[in-house]
Amino acid sequence: MSNFLPAARAQAHHGMPSRSFEHLSLAVFVLLLLLACVPGALAHEFKAGDLEIGHPWSRATPPGAKVAGGYFTVTNKGNSPDRLLSISSDISDTAGVHEMGVKDGVMTMRSVNGGLEIPAGGKVELKPGGYHVMFVGLKRQPKQGEKFPATLTFEKAGSVTVEFAVEGMGEMGGMDDHAE
């Protein structure tokens, strides 16, 4: 230890960092790198053929609720349209795509019959207030912080199992900051 102390003093006098400072700097750098990766870790994506399904999410439901909504984006990287034909999940008896809209000042919601078209080279957002999935006849309440699986079946891309991340009851799926 007697050899170490003079060396540390010499480094301090010459402006050279000590080993402990180098280790602390490295630890801070690694921590910052990990934090920079967190948004990517929170967003989750799935692929089916030419389709990319981005960030499937749902909201937690209050006790006794019989329905829940599901939201995600579908980007078609292909040259021909595809169609979301069906959705199934163990969390509910049935699931399907619905559309909300306002007609003559009255909000309406209706089931989308014949599937939801995903245009070639296009993107469709299923989000609150527009197209969305309705999980009907909940077998259990989705709880914030958990995930539940669902299978999306497309006309051309086939079936893909995705995981819906359950957010808080008032959340907007990371869309809170986006004015659209």
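As the structure is a prediction and not an experimental result, all values here were calculated from the model.

## Considering the overall build of the chain
- Helix and strand content of the chain: two helices and 11 strands.
- Starting at the N terminus, the α and β elements of the chain follow one another as α-α-β-β-β-β-β-β-β-β-β-β-β.
- When each of the 180 residues of the chain is scored for burial, the buried share is 34%.
- Within the structure as shown, the chain displays about 11200 Å² of accessible surface, and the carbon and sulfur contribution to it stands at 58%.

## Description of the pattern of salt bridges
- Under the defined criterion, the tally for this structure stands at four salt bridges.
- In this structure, Glu52 and Lys47 form a salt bridge, with 3.8 Å as the shortest nitrogen-oxygen distance.
- Taking relative accessible area as the criterion, Glu52 reaches 23% and is therefore assigned partly exposed.
- Where Glu117 meets Arg83, a salt bridge forms, and the shortest distance between an N and an O atom there is 3.2 Å. Here Arg83 lies in strand E4 (residues 82-88) and Glu117 lies in strand E7 (residues 116-118), a separation of 34 residues in the sequence.
- Its relative accessible area of 22% is what places Arg83 among the partly exposed residues.

## Topic: the environment of Asn113
- Among the secondary structure elements, Asn113 is positioned in the loop between strand E6 (106-111) and E7.
- With a relative accessible area of 68%, Asn113 lands in the exposed category.
- On a C-alpha basis, the gap between Asn113 and Leu85 in space is 9.0 Å, while along the polypeptide they are 28 residues apart.

## As for the pairing of strand E2 (residues 51-59)
- The buried fraction of E2 amounts to seven of the nine residues, a majority that puts the element mostly inside the structure.
- Where strand E1 (residues 45-48) meets E2, four bridges bridge the pair, whose relative direction is antiparallel. When the bridges of E2 are listed, Ala48 appears paired with Leu51.
- Hairpin remark: E1 followed by E2, antiparallel, with two residues in the connecting loop; positive phi at Gly49, about 60°.
- The sheet contact formed by E2 and strand E3 (residues 67-76) spans six bridges and is antiparallel. Along E3, the bridge assignment pairs Trp57 with Tyr71.
- Two elements, E2 and strand E11 (residues 158-167), share three bridges in a ladder whose sense is parallel. From the neighbouring strand, Arg59 faces E11, where its bridge partner is Glu167.

## Here's the deal with the environment of Arg140
- By the secondary structure assignment, Arg140 is in the loop between strand E9 (131-138) and strand E10 (147-154).
- Among the residues examined, Arg140 registers a relative accessible area of 38% and is labelled partly exposed.
- Each C-alpha atom, one on Arg140 and one on Gly64, is 8.9 Å from the other, the two residues being 76 residues apart in sequence.
- Beyond its immediate chain neighbours, meaning those up to four positions away, Arg140 contacts Ile91, Glu146 and Phe148.
- A distance of 2.7 Å separates polar atoms of two side chains, one belonging to Arg140 and the other to Glu146.

Conventions and cut-offs
Residues numbered from 1 in each chain as written. Predicted model: local features only at pLDDT ≥ 70, side-chain atom pairs only at ≥ 80, totals over all residues. Heavy atoms only, no water. Helix = DSSP H or I, 4+ residues; strand = E, 2+ residues; numbered from the N terminus. Buried < 20%, exposed > 50% of the residue type's maximum accessible area, 1.4 Å probe, protein only. Areas by Shrake-Rupley, 256 points an atom, 1.4 Å probe, with all protein chains shown as cover. Salt bridge = Lys/Arg side-chain N within 4 Å of Asp/Glu carboxyl O. Pairing = 2+ DSSP bridges. Contact = heavy atoms within 4.5 Å. Polar contact = N/O pair within 3.5 Å; in protein donor to acceptor, adjacent residues only side chain to side chain.

Any link to function would need more than the numbers given here.
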